[in-house]
Amino acid sequence: MDGLLQSPGAERYFSLLGRTTVKDILSEVLSDLRRDLLNGAEISPTAETVLERALPVLEKRCRRSLLSVVNATGVVVHTNLGRSCLAPEAVQAVAEAASGYSTLEFDLDGGKRGHRSDHVEWLLCRATGAEAGIVVNNNAGAVLLMLAALCAEREVVVSRGELVEIGGSFRIPDIMAFSGAHLREVGATNRTHRADYEGGIGEETAALLKVHPSNFRMEGFTSSVPREDLAALARERGILFLEDLGSGTLLDLSPLGLRGEPTVADCIREGVDLVTFSGDKMLGGPQIGAIVGKKALVDRLRTYPLLRALRVDKMTLAAFEATLRLYLSGRTEEIPTLAMISASKEALRKKAEMLAEKLKKILPEEKITLVEVDDAVGGGAFPATPLPGWGVAIPGERWGSAGNLLALLRGQENPVIAGARENEAIFHVRTLLGGDEERICRSLRAVSEKG
Ligand SMILES: *Cc1c(COP(=O)(O)O)cnc(C)c1O
């Protein structure tokens, strides 16, 4: 071990990982080697062998794990790649909140304690027409808090067509069980009628819950009950009408051809008592779960102890306030998610042409082409409405297959996540941010030598 620790090059790892960590990693490699030798492996037990094995481990531990990547998939709200990218003003607000003290829970007028949700409540109300609002860690938390605080030990009526599972193991029946509320399913998978809801309401019923079907669409012989009718029914019977809107959009996107998704304001106007939605899906802000609606109900959530376990941190709140202010001042084109969703096909074609020119210079012998692609909003919104876009295609043969090329691109210092079609790697330009073209070029230059 002493010999290993004194070998040339070890110094570099001491400064990055600390001497103890380097020593621990070397010991692990040594015991692996001993085990392999005892099992009869033919290895020469020299310092070189140990170092050869230890080097990749040491290198891996020196690299940052949460890396910035290029999203060339065309999926705007890509959950595995971190969903929405923040607007510059939101990033600035995060940096300020993170690096200094703030009014997080401090009321400057009275010089006394304030509440962290106060920073965004008025903005949420302006954007949605709701009376009151509160924020928690994410939408899953928002649904959990709402059900636990208002429906525990009582029944909640949900259509069988809305007992959905979204990614990351969020299932309505499970979250319901966890909240202590009892699920009362009504209707059939494809059709649920007002009479089904009526029949499902009993002595123990606390609420009707409507759930956005998120990442799937049913077509054909289907029907569901309009919000207004559910609201009227709930009022008649003296119970609550709640909705998990999922992605939740604050803007009407029908001018972009994206129809059929209600805005949060639509839900409030149509009589939902409390609506929950995510901050980092179509809204284009940080990871957050918002609950907006009737003041008396929001006030009950404010004092419910679970809220403390789901509370948002100051960086998130700073980013959310800044994002909501962009909505307030009508500067939504500065929100990357909305800008990407609304990019015109002509603009995308120009962007693809520019990228193709650069890539042709790096790979002059390859047949690089512009291709029309279907991009996607992602995040469980508009799953059946592709966004027509443009991409740049590179044949994969030189690397054995498109899959091999994609894997090599993922392994670069500037990892690039692209799509594939038949045997071509496809770079969708809709989701490229400033500087990404250069990063794609750098990574492609590196892998061109491996082809
Ligand atoms: C995305 C989604 C959730 C979960 O939201 P998170 O913010 O990821 O916790 C819950 N319900 C629906 C319908 C969704 O689409």
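This write-up is about the structure you can find in this document. (Residues numbered from 1 in each chain as written. Predicted model: local features only at pLDDT ≥ 70, side-chain atom pairs only at ≥ 80, totals over all residues. Heavy atoms only, no water.)

### Regarding unusual backbone geometry
Cut-off, in case you're wondering: Numbering goes from the N terminus for both helices and strands, where a helix is a DSSP run of H or I of at least four residues and a strand is a run of E of at least two. The cut-offs for exposure are 20% and 50% of the maximum accessible area for each residue type, with area from a 1.4 Å probe on protein chains only; residues under the lower value are buried, those over the upper are exposed, and the others partly exposed.
In this structure, R83 takes a positive phi of about 55° despite not being glycine. The residue R83 is located in the loop between β2 (75-77) and α5 (88-99) in this model. Positive phi values are uncommon outside glycine, yet E422 reaches one of about 45°. Assignment of secondary structure puts E422 in the loop between β16 (416-421) and β17 (424-428). Looking at E422, the relative accessible area reads 78%, which means it is exposed.

### Structural notes on the sheet that holds strand β11 (residues 240-244)
Defined as follows: At least two DSSP bridges between two strands are needed for those strands to be called paired. Where helices are involved, their axes are fitted lines through C-alpha atoms of the stretch in contact, as for all axes, and angles between N-to-C directions lie from 0 to 180°. Contacts: residue pairs with any heavy atoms within 4.5 Å of one another.
Strand order in the open sheet formed by seven strands is β5-β13-β12-β11-β10-β6-β9, and the pairing between neighbours is mixed. Only two strands of the sheet have a single partner each, and these edge strands are β5 (132-136) and β9 (182-186). The average undirected angle you get between the axes of adjacent strands in this sheet is 25°. Note: strand β10 (residues 205-211) against β11, five bridges, orientation parallel. Along β11, the bridge assignment pairs A207 with L240. Those strands touched by helix α12 (residues 295-302) are β5, β11, β12 (274-278) and β13 (289-293), and its axis lies near 30° from that of β5.

### Observations concerning the packing of helix α7 (residues 139-151) against helix α8 (residues 172-179)
Convention followed: Angles are sorted into four bins: roughly parallel if under 35 degrees, roughly antiparallel if over 145, roughly perpendicular if 65 to 115, and oblique for all others. When the near helix sits turned anticlockwise from the far one by under a right angle, the crossing is termed left-handed; a clockwise turn instead gives a right-handed crossing. Gly is put with the polar residues, along with every residue not named as nonpolar or charged; the nonpolar set is Ala, Val, Leu, Ile, Met, Phe, Trp, Tyr, Cys and Pro, and the charged set is Asp, Glu, Lys and Arg.
Where α7 meets α8, the closest approach of the two axes is 9 Å, and the angle between their N-to-C directions is 45°. For the element pair α7 / α8, the angle class is oblique. Seen from above, α7 lies across α8 with right-handed handedness. Between α7 and α8, the contacting residues are A140, V143, L144, L147 and A148 on the first element and I175, M176, F178 and S179 on the second. Of the residues assigned to the contact of α7 with α8, the class counts are eight nonpolar, one polar and no charged.

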